[in-house]
Structure formats: structure tokens, C-alpha cells
Amino acid sequence: MTTIPLVDLLSLSGALFALGLFGVLTRRNFILILISVEVIMNAAILNFVAFSLFSPGPAAGGIPGQSIAVILIGLAATEVAVGLAIVLALNRLRGTLNVAEAIQLKL
Amino acid sequence: MSVDAATLAFLLVGIAAFLAGALALLSREIVHTVIYIGGFFASLGVVYFLLSAPFLGLLQLAVYAGAVTILLMFAVMVIKRRIFAREAVLGIKAPTFILALLVGAVLLDLAQRVPAYASAPACPASDPYCVSLLAQNLFLDNGGWLLLLGFVMLSALAGAVHLAREWRTPAVRKIRED
Amino acid sequence: MIVPISAYLPEALALAGALLTFLMDAAGVRQRSVVGGFSVLFYSLALLSVLGDLSVVPFTLFATVPSSLLSAGAVGPIQFTPLGLLWQAILLSAALLVAFASLSEAEGDREVPIFYGLLALATLGMLLVTLSADLIFLLLSVEITGISTYVLVAYARKDPRALEASMKFYLIGALSTAISFFGASLIYGAYGSTALARLADIPPGGNGTQMALVGLGLLMVGLGFKVTAVPFHMWAVDVYDGAPDHVSAFLAAGSKKMGIFAMIVVFVAAEDVVYTASSAWALYVALGGLALVTMTVGNILALQQRTMKRMLAYSSISQAGYLLIGLAVASPAGLAGATIQAVAHVLMKGGAFLFVAAMATLGIGSRIEDYRGLGHSHPVTTASFAVLLLSLAGIPLTLGFVGKFYLFASAVEKPGLFVVLAIAGLLNSAASVFYYARVLRIMYMVEPPAEATSERRWTPAVAHLADPGNDPSAPPSSAPSAAVAVGESTPRAPAKEAARSLDPITPLSRSNLGMRLRDEVRTIGIARWTAIVLCAALTIILGIYPTPLIDLANHAANSFFSGLP
């Protein structure tokens, strides 16, 4: 049971989504874009948790939202690991080149 | 309207989370970014505790605030020769700013119009934080999701091991010399 | 209803293929013929099983899905439908095509097992997408394919350009995943459940409709990245261009179709049933606009390309636009048209990218002008490629025409402004003929200077290096691409292929057609040659006699709609 209103939770997640979107669109560095994506992912997780506490679903309807949140946390960590592997591979190939500059991306 | 302690705490932590996220994305030193984002993940973990989902809170702290932050820091250290190097100019362009504001406005508006949902039933006394209910749901009712997450992790593992594997052939050295 | 475990035979085969490949890697078995042979065998068995389930082949030993299951609706997060099975066959044939053609790649890399392993995992994800009855299940399946393909793009590890493409692909993929899951969270909030069947209801609890619509909109953005719909397409060309050719074939033929199917199961139900009264127009307008913009922009940009792979990549974007017409119309006819067009697209794009791969191993450059006179030196493969291009342009007697005809007809049939989509599609098809015809003209009309041809055939690596600026439209983001050219030629013109080409017999000096044909097969590789010719042959055969395919697609589409409440 919680007394925190759903509106506040959704407002926070909406603001975080906008923040992450802003980061993705403005930053040009691999790590920073990745972090922005993680901010969006966290907004989604927060939403799932919030809706697990308030939802029109069946009586036990709250629980699947938390299951999804658990799965998403695992998924996001997996994704970050793959991203790191790709960067490392590029870093190794480039040797002394500064990858953070070489990968300035044009999205 | 009176605000109870949990809501007040949530407001504080929520604002802290947003600020940490904003600082992370606006900071010009990438190491600071990683530190701020660690704070961001941690404050969301606190939010889950406040929402009486302690299992998720712990997971958030361990996986996000712990593992992912360290992974990011590691990436920064490997990639940047001088890890405290400043990033070049921060290019905030008006269109992207407006787009983000617009999306934020839509979502905030949506939050105001949220239907009046009933809150979820309280957890049973024998299981005050619904952890065993969660486990049952995760492993039995929705085991399919977990299986798929396993497949995702399998492909990630195979791919990451392959990419990170030690690998020296004449071709590489040639490219490096060039 | 309990799903018998044997019903998962295709998925089990894909997973077993992946695990077996990794085991072989660990055991040091890395011959392409062995590893790839097993993959091809597994995909063939899986395809046979699915085709048996669809009763396309009389051979039903592997038909494992009981017909009662096909009408049973969702069982938990899983659902067996005729439409899903048909798309399973489509996606499996894309994987089979790529796995089979890759048998002709250069022998003996350490990278062989990982290529087939990740291909199998990506296929597993695609197969699971077609079974999804639950939004989270669907997005997680999409993610399996996503993660596998990010690495697949960079699997060779020698090519910095491929790694850069992989990085871009990865960032876009992660972004699309995050946006999709945010949309899914709103849908979960609106319905209190993530079952896809619920999308056909009006959300309970008063004004949940807005939340569901915003959620669907975000899902459209997230999945739009996967299908390269136009405002979200900017990654596609660089990735297709940077990836190894066979992986490009798989991305265009396989994982894009997966995105389309995911969009079908998410949106068509919502469009057709839900908001018919209130806000249906929003979804219709969004999807229709997406289709319109995608095909137009894809075609306009394809017209300006000077390298073959980028041209094919942009034409692939415009093809995605045609497929989206079927989604925007959201009628049984539209869905059947999209299914037929998907079959055509697998054959056309798969075959075309494989042809580019074959030409790259022969040391022929990547510019369209480099394909000058190929019709004379490689008659059969070039003819196949020509057929595939004609089919892409939608010339009658090819499968591409049948698919487009059904799509446009469905748009005309549907009352309302949908006729605009048909007109735009027709205009776009007409415009696309220009750039396809240009390639045909270069391949056939222009006689190659005999000197240049033999020189090109004999020194492949040099020919490849001779045009560093072969890509004027490359974005500045791939700044090191000039330096990359050195790395690029290394994997694509391996020593063995070069040795083959150094064979002192010039094929042009032979008048005997049989000898020339044998030479062509030998240089391109028997598996790849067969795959390309098979694609062209199927395009023609199904184009002339499409009735079985049309019946199958109509049946699947009708059953999809009759399954809706």
C-alpha cells in the first residue's frame, strides 16, 4: 500500500522521458547517448511499478507490473554490456585513436 | 491538502532524481556524468522503497546503481586516454529542445488526466512486501518472459565474448600500422 | 488449452542450432561447410515443419501444430495463428537463404561459428515474435533479434566501418527498445494487462483511451525504427552499407519483416476494432502518413545514390513504405497484400544483396558504374539480378507486381481517403523504375571495355582500392572511411578468391556457353549462385502462378480478422 498519488509518479516518469529524449537528441558522445537511453528505460520501469500499484486490472493485477520491472532491469544491464563490448572492439581496432571522438554520431 | 510523510519524501527524492539526471546529461565532464547518473539510479531505487516495492529497490540499487554505473565508468576509463578530458561544446539546438519540451508536456498532461484507478490490494500479512507473490508471478505465471530474457542474455553473452575475445592476426597489425 | 511441447519445434531447432554452433566453436570445429551445413539443415527442417503446419507441403512428418491450436486463441503469452505461421515461414526462408548462401563465403575464419550462432539466435527471436500474444513477450523477442544483429553487423571485427555501423545500430536499437517499453508501460496502465488481445477493447476506467493512444504512438515510434519507417530511417543506410553483405541481406530480408509483423499484431487489432467510433482517425492518419512519407522519401533518396548497396538500402526503405500501406488500410485484403509483398521482399532484397556480395568477392567495385557489362561476363546471375530489380520495380509477371497490386487494390477498396495511398504508391513505383532501369542499362547496354574487364577480374584487391571516394554521399560521421577502405578490402577479397580469379583462362574468350556458365558458378560459389538464381526463379514462378500464395495469404488474413472480437 502506498499513499503517493499516481499523478506524481507519472509526472516524474514523463519528465524523465522528456529529459532522456532531450539527451539523445543533443549529445553526440556514445556514453552520453547510452546514458540518455538508460534514463528513458528508467522512466519506463518507474511507470510499470507505478501502474502495478494503481491499475484497472484484476485483483492481483499489480504484480505483473513489478515482474516486468524486474525483467527490464535485467534487460537494460544486458544491453549496456553489449554496448560496452562493441565500444571495446572498436577501441582495440583503432588503437590510440580517441574513440569517443571518432564515433561522433549523426543520428 | 495535507501531504503525508511518504509523499513528501517521494517529492524530494523525485526532484533529486530529476536533477541528477539533468546534471548528468548537461555536465561537460564525462566522469561527472557517470557519477551523477549513479545518483540518479540510486534515487530511483529509493523511490521503489517508498512505493513499498523493496525487492525492486534492491535490484535497482544492485544492478543499476551498482553494476551499470561501474560498467559505464569502466567504459569511460578504457575509451578516454585522459579520463578527465572535457567534452566539446554542448550543442543545444532549439528544435530538439522544443521537441523534448513538447513530449514532456504531452506526458505531463497525460499524467493529470490519469483515470481514477483503485490502488492495488494490500499485500497479505504473511508476505508484507508481496515478494513471494512477485516470485510466483515471475517464475510461474510469466515464466515465458524470464525465458526470453534468458535468450536475450545468451545472445548478449555470445556476442560480447566474441567481440572482446583476444584476437591477433597479421591483418589487424597491418590496419593498426596504417 | 495446453500447447504440446512439440509445437515449438521450429523455435527448438533454431535454439538447438545456436547452442550446437557454440559447442562446435568450443570444440574447435570451425569449417564453414560443417557449421553452416548444420545450420542449413536445421532451418530446412524448421521450414519444412512450418510448411507442413500450413499444409503447403504434403510431407507432414514434421507438422507439429495441431489445427485445434490454430483457432484456440492466446494461451498465456503464446498464440498460434495461421498468419503467424505464414510469417514464420517467410522469416525462416530469409534465414535459410542467408545461411545457405553464406556457405560460399571464404573458408576457415574463427568468425564462422559466431556468425551462424548469432544468425540462429536472431532467427529464434523472429520466430518467437510470430507467436506473441503479449506485448512484453513481443518486445522481448524483438530484443533477442536486436541484440544478436547488433553483434552480427560487426562479427568480422576486422572492419572499423562495420564496427561503427554496429555501434550506430546498437544505439538506435537501444533507443527504440526504451521508447517501445515506455509505450508498453502506458498501455499496461490503460488496460491493466499487456495481452495483445486487450488492445481490441476500449480501455476500462473512463479516459484511459488517451493513455492507450499515446502508448500506441510511442510503440509506433519504437517499432518504426525497426522497420525503417521514414522519420526513423536514418540509421538504416549506414548500417546496411557498413555491414557485411550477407548480414545486410539478413537485415533487409529478415529483421525488417519481423518489425512489420510486430506492427501488424500491435496495430491492426487496435485500428480495426477499438477506436472505430472515437479516435480511430489518429491511428489511421499516423500509419497512412508513415507509409506515404516512407515510400516517397525512400524513392527520392534512392534516385540519388551512386553505390549499389546504398541504392538497395534506400529502395528497401521505400519497400517498407509499401508494406506499411497494408497496415494503414487494416483490412483483410491489405493484410494479405502485405503478406504477399513480404514474401516478394524476402526474395528480392535477399537475392539482390547476395548478388552484391557475390560481385564484391569477384572484386567488382561498389559503384553502380562498376557493374558495367556484367550481363556479358556473368550472364545467369546478372539475369537473375535483373529479374529481381524488375520485381522491385513492380513489373508484371513478377511477384513484386502481385504484391503491390494487392496492396494498392486494398487501399482503393477501402472507403475514405485511402485511395491517396494507392495513387502515391503507383507514382512511386513509376519513379522507382528510373533507378532500377539505370542499373539494368549499365549492366546490359554498355559494352565493357575488354581490357578493363580482364584487369578488374584479375586484380580484385587493387580494383577495390582504386576508388576511395566511391561514396560521395557518405555522411561526415564516418569520417575515417577513407582509411577504412584498406580494412574493407581485406575480408571481402580473401586470398583464395583472388587465387581463383587469377586463373589464366579468361571467360570472355570462350564462346561455349556451358563452359562460361561453369566458370561463373565456380567463381561465385555454388551455394551463393544457387541462392541468387533460386530467388529470381521463385519471383518469376510465383509471379506467373501466384494463386496458392494468394489463397494462403487470404486465408491467414481472414482468420486474423475473424479472431478479433
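Rules behind the numbers
Residues numbered from 1 in each chain as written. Chains lettered and ligands numbered in written order. Predicted model: local features only at pLDDT ≥ 70, side-chain atom pairs only at ≥ 80, totals over all residues. Helix = DSSP H or I, 4+ residues; strand = E, 2+ residues; numbered from the N terminus. Buried ≥ 20, exposed ≤ 12 C-beta atoms within 10 Å, placed from the backbone. Contact = placed C-beta atoms within 7 Å. Domains from an automatic or database assignment. Axes fitted to C-alpha atoms, helices over the stretch in contact; angles between N-to-C directions. Parallel < 35°, antiparallel > 145°, perpendicular 65-115°, else oblique. Core = buried A, V, L, I, M, F, W, Y, C linked by C-beta atoms within 7 Å. pLDDT = per-residue confidence, 0-100. Left-handed = near helix turned anticlockwise from the far one by under 90°. Nonpolar A, V, L, I, M, F, W, Y, C, P; charged D, E, K, R; others polar.

A. Examining the overall build of chain C more closely. Helices and strands together make up the secondary structure of chain C, namely 24 helices and two strands. Counting all 565 residues of chain C, 63% fall into the buried class. Intrachain contacts of chain C at a sequence separation of at least 6 include 80% that bridge at least 24 residues.

B. The arrangement of the domain arrangement of chain C in detail. Residue and element names in this part refer to chain C. Per the domain assignment, the segments of chain C are domain 1 (1-278) and domain 2 (299-457 + 503-565). Taking the mean C-alpha position of each, domain 1 and domain 2 sit 23 Å from one another. Contact residues are listed per partner, giving 42 residues for domain 1 and 42 residues for domain 2. Of all the secondary structure elements, the ones that give two or more residues to the side of domain 1 that touches domain 2 are α4 (82-101), α9 (234-242) and α10 (245-272).

C. Just the packing of helix α1 (residues 6-26) of chain A against helix α1 (residues 5-26) of chain B, in detail. With their axes 10 Å apart at the nearest point, α1 of chain A and α1 of chain B run at an angle of 5° to one another. Classed by the angle they form, the pair α1 of chain A and α1 of chain B counts as roughly parallel. Together, D8, L12, A15, L16, L19 and G23 of chain A of α1 of chain A and F10, L11, G14, F18, G21, A22 and L25 of chain B of α1 of chain B make up the contact between the two elements.

D. Summary view of the nonpolar core. In this structure, I40, L72 and I86 of chain A together with L119 of chain C are the most contacted members of the largest nonpolar core, which totals 307 residues. Setting aside chain neighbours within four positions, we find L119 of chain C in contact with S39, A95, V98, A99, L152 and F250 of chain C.

E. Fine view of the confidence of the model for chain B. Taken residue by residue, chain B gives an average pLDDT of 82. The fraction at 70 or more is 84%. Per-residue pLDDT, averaged within each element of chain B, yields its smallest value for helix α7 (residues 170-177) of chain B (51) and its largest for helix α2 (residues 30-50) of chain B (93).

F. Representation of the packing of helix α2 (residues 32-53) of chain C against α4 of chain C within the structure. Residue and element names in this part refer to chain C. One can describe the packing of α2 onto α4 by two numbers: an axis separation of 9 Å at closest approach and a directional angle of 160°. On the basis of their axis angle, the class for α2 and α4 is roughly antiparallel. As for the relative orientation of α2 and α4, their crossing is left-handed in sense. In this structure, α2 contributes G36, S39, V40, Y43, S44, A46, L47, V50, L51 and D53 to the contact, and α4 contributes L85, Q88, A89, L92, S93, A95, L96, A99 and F100. Each residue belonging to the contact of α2 with α4 can be placed in one class, and the counts come to 13 nonpolar, five polar and one charged.

G. Structural detail: the interface of chain A and chain B. Of the residues lining the interface, 68 residues belong to chain A; the matching set on chain B comes to 76 residues. Breaking the side of chain A that touches chain B down by element, the ones donating at least two residues are α1, α2 (30-53), α3 (62-94) and α4 (99-102) of chain A. Sort the elements by how many residues they give to the side of chain A that touches chain B and α3 of chain A lands first, with 24 residues. When its residues are assigned to classes, the side of chain A that touches chain B shows 45 nonpolar, 20 polar and three charged.

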